[in-house]
Number of protein chains: 2
Amino acid sequence: MKITMKDIAKEANVSVATVSHVVNGTKHITEEKHKRIMDIIRKYNYIPNSTAKNLRKKTTMTAGLVVSSFPDSFVTEMVYGIEERAREMGYNLLLVNTNENRDYEEETVNLLYSKMVDGIILSPTSNDIDYLNAYTENGFPIVLVNRSSPVVKNAPSVTGDNFQTGYDATTHLIKHGHKNIGFIYAVPDVSTTNHRIDGYKTALAQANLPFNEDLLELGFATVNGGANAVRSLLAREKDITALFIQNDLMLVGVISKLRELSIKIPEDIALIGFGDFASSTIIDPPITNIVLPPETIGRTSFDVLMSKINNPDYSKHIELPPTLIVRKSCGC
Amino acid sequence: MKITMKDIAKEANVSVATVSHVVNGTKHITEEKHKRIMDIIRKYNYIPNSTAKNLRKKTTMTAGLVVSSFPDSFVTEMVYGIEERAREMGYNLLLVNTNENRDYEEETVNLLYSKMVDGIILSPTSNDIDYLNAYTENGFPIVLVNRSSPVVKNAPSVTGDNFQTGYDATTHLIKHGHKNIGFIYAVPDVSTTNHRIDGYKTALAQANLPFNEDLLELGFATVNGGANAVRSLLAREKDITALFIQNDLMLVGVISKLRELSIKIPEDIALIGFGDFASSTIIDPPITNIVLPPETIGRTSFDVLMSKINNPDYSKHIELPPTLIVRKSCGC
DNA sequence: GATTTACGGTAAATGGTTTTACTAAGGAGG
DNA sequence: CCTCCTTAGTAAAACCATTTACCGTAAATC
């Protein structure tokens, strides 16, 4: 049978209040009683019941973390950063992966709310998440991470600067003389993709190059997804000389497929990938990537959640800048 | 202000018990009252407080997941499997990464216990975890995953068959004529490493080859860690003709370093890696890996936790077999 | 017609803690 | 000696739900 504060109090011949004060140091208790109580606590290896404590204190020191595409490598690193920062701040994390399912996301937020988490860090499945406003407008702290959404009010966000990401990658390829740049992506209708496409378009426009919608290719975020995407893209658009690929797994598929088709990288088709994964350096040719800092995004988002919890008016949209890591696949 | 069952009851002119019965379907309530109550619940968007519920019911539908080396790719896939299975079973997961810190692991188990999780899935930092027995002997459900430990009683485990992993990889290299096989690993004093070394030794013994302790090299589980490990290993042992590397990041470092030293793979040194990561196929030469199924290990471990929760006597040690994925780096 | 049984509903206890408001006792100051 | 603080300790309320035990009433059974 589980031992409670009441049991300790009884054995020590004091009130539960006194035991509570000893446990939490909320009031000075005479040396003698303090020792007596502590001895009994240790004797029984008493561990206070946080659930009861949470109920009373209306706080759980737990945050919800809702991600949409675990275990994508970017998301994984981000989760790592969030978990680490949470741990440093004495918080625990309730992790849920929605697998890009919007309805399940909504259910999950409900569930986490009912579990009385102190706040939620959410990487939404889509832009269509106005259900969140019911929470945020009531002052429940929610911060958007990685992906943002224009429809939700009163929720700070921490993301990469995806416009700049699309812009920088595209501009770099344009500088190499490319005019027909394929854009391969994995998730439609989310800010990450949309903003990168905006950046892509803007870079083209600034170079007086036309935007061709057919150069955009959606695929699954897997190796095969990448292979299939590049196959159908190349079948449709013969003049492509460069590819900007938004996902590391897809990139592997793309490379396989290009080799299979005896298309040389970067001579025939230049490549820029997204996200710095370890083997980029040892692939032939070494891959040029544009990267955003997932761990920093994660850590920052937790800090923002803390700010939001402590100050309901807190409202910032933080965008972290990308870095282009130039190697050989872009033709440099 | 948060709305409670009491508020609903008041507005509906019924007792809280009745509201509870409507919410949980625990008793039949007349159509008319049922509707009246449900309408009010919807009107206020009432969400029951799980903390109060948990306190009363002594169960939280939440499990603790304590991993030691997130975001290692194997562990990440495993976490994915666990999370997915938990979700399917209506459970939530409290995720904590101990970063190979044994003391923090102990603290964490305490914390999770106090949070009244229904059980814990733990990937321990070391073999030295007898503190766990205080929990398991009291019937608190703990299952060990990925790594097991001989000192903890009454805790089922789900791991890969690491003995076989070490044995199969080594045997394969021996068949290619290799006699001096380096073994590069990242974590000392854990079952995964120890069992693989046992398998390595057994394979050597069966081939009447001597075991040389100096062929074992410990390094950090990073790209640089791999590069450093292979450098110091080769400086010490000139005759090495094959390497078995336990970690994908280290493998990348090893390949970089070997190329830097103009050592050809597999002609000069053959390679077997652990774990199937996507780019294995596009690296030159394609990497031969021995793999264990992290997602299945994860899913299974959650099922085992369910079994343990429902039956305190449940006690199984499940080991999943490895598969050798032969490509070119081993010289095949 | 007497006795069960079923049904709908509720009061109150319960879960384990925190926290407020109060008491009693001892000490200081005048 | 009286008053005023301070201090150590405690009783009880609060947190928000679930669940047991019970109470009428009406229907069913013999």
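No experiment lies behind these values; they were computed from the predicted model shown.

### Points about the relation of the copies chain B and chain A
Line of reasoning, step 1. Superposing chain B onto chain A takes a rotation of 180° plus a shift of 0.0 Å along the axis, which leaves an RMSD of 0.1 Å. Within this description, the copies of the chain are treated as partners about a two-fold rotation axis. Looking at the rotation axis and the C-alpha trace of chain B, the residue lying nearest is Leu94 of chain B, at 2.3 Å.
Line of reasoning, step 2. Most of the interface of chain B is mirrored in chain A, where 100% of its interface residues are also at the interface.

### Here we look at the protein's contact with DNA strand D
Line of reasoning, step 1. In the vicinity of DNA strand D there are 27 residues, among which Thr18, Lys27 and Thr30 of chain A together with Met5 and Arg56 of chain B approach most closely.
Line of reasoning, step 2. Take the atoms of DNA strand D that sit within 4 Å of the protein: sugar and phosphate atoms are 71% of them.
Line of reasoning, step 3. Between DNA strand D and His28 of chain A, the relevant distance is 2.8 Å, taken from a phosphate oxygen to a side-chain nitrogen or oxygen of the residue.
Line of reasoning, step 4. Side-chain polar atom of Thr30 of chain A to a phosphate oxygen of DNA strand D: 2.6 Å apart, as the coordinates give it.
Line of reasoning, step 5. Residue classes in the surface near DNA strand D are distributed as nine nonpolar, 10 polar and eight charged.

### Looking at the sheet that holds strand 6 (residues 181-185) of chain B
Residue and element names in this part refer to chain B.
Line of reasoning, step 1. With respect to topology, six strands assemble into an open sheet ordered 7-6-8-9-10-12, the strand pairing being mixed. The outermost strands of the open sheet, each flanked by one partner alone, are strand 7 (216-218) and strand 12 (323-325). Averaged over all pairs of adjacent strands, the angle between their axes in this sheet comes to 20°, without regard to strand direction.
Line of reasoning, step 2. Relative to strand 6, helix 9 (residues 191-206) is tilted by about 175°, and along the sheet it contacts strand 6, strand 7 and strand 9 (270-274).
Line of reasoning, step 3. Helix-sheet contacts for helix 10 (residues 223-236) involve strand 6, strand 7 and strand 8 (242-245), and the interaxial angle to strand 7 is about 145°.

### Re the protein's contact with DNA strand C
Line of reasoning, step 1. Neighbouring residues of DNA strand C: 28 residues in total, closest Met5, Ser20 and Arg56 of chain A together with Thr18 and Lys27 of chain B.
Line of reasoning, step 2. Here, DNA strand C places atoms within 4 Å of the protein, and 69% of those atoms are sugar or phosphate.
Line of reasoning, step 3. Measuring from a phosphate oxygen of DNA strand C, one finds a backbone N or O atom of Asn49 of chain A at 2.9 Å.
Line of reasoning, step 4. The separation between a base nitrogen of DNA strand C and a polar main-chain atom of Ala52 of chain B is 3.3 Å.
Line of reasoning, step 5. Elements that contribute at least two residues to the surface near DNA strand C include exactly helix 2 (16-24) and helix 4 (50-57) of chain A together with helix 2 (16-24) and helix 4 (50-57) of chain B.
Line of reasoning, step 6. Broken down by class, the residue content of the surface near DNA strand C amounts to 10 nonpolar, 10 polar and eight charged.

Thresholds, definitions, all that
Residues numbered from 1 in each chain as written. Chains lettered and ligands numbered in written order. Predicted model: local features only at pLDDT ≥ 70, side-chain atom pairs only at ≥ 80, totals over all residues. Heavy atoms only, no water. Least-squares fit on C-alpha atoms with pLDDT ≥ 70 in both. Contact = heavy atoms within 4.5 Å. Near = heavy atom within 4 Å. Polar contact = N/O pair within 3.5 Å; in protein donor to acceptor, adjacent residues only side chain to side chain. Nonpolar A, V, L, I, M, F, W, Y, C, P; charged D, E, K, R; others polar. Pairing = 2+ DSSP bridges. Helix = DSSP H or I, 4+ residues; strand = E, 2+ residues; numbered from the N terminus. Axes fitted to C-alpha atoms, helices over the stretch in contact; angles between N-to-C directions.

Nothing here speaks to function; it is all geometry.
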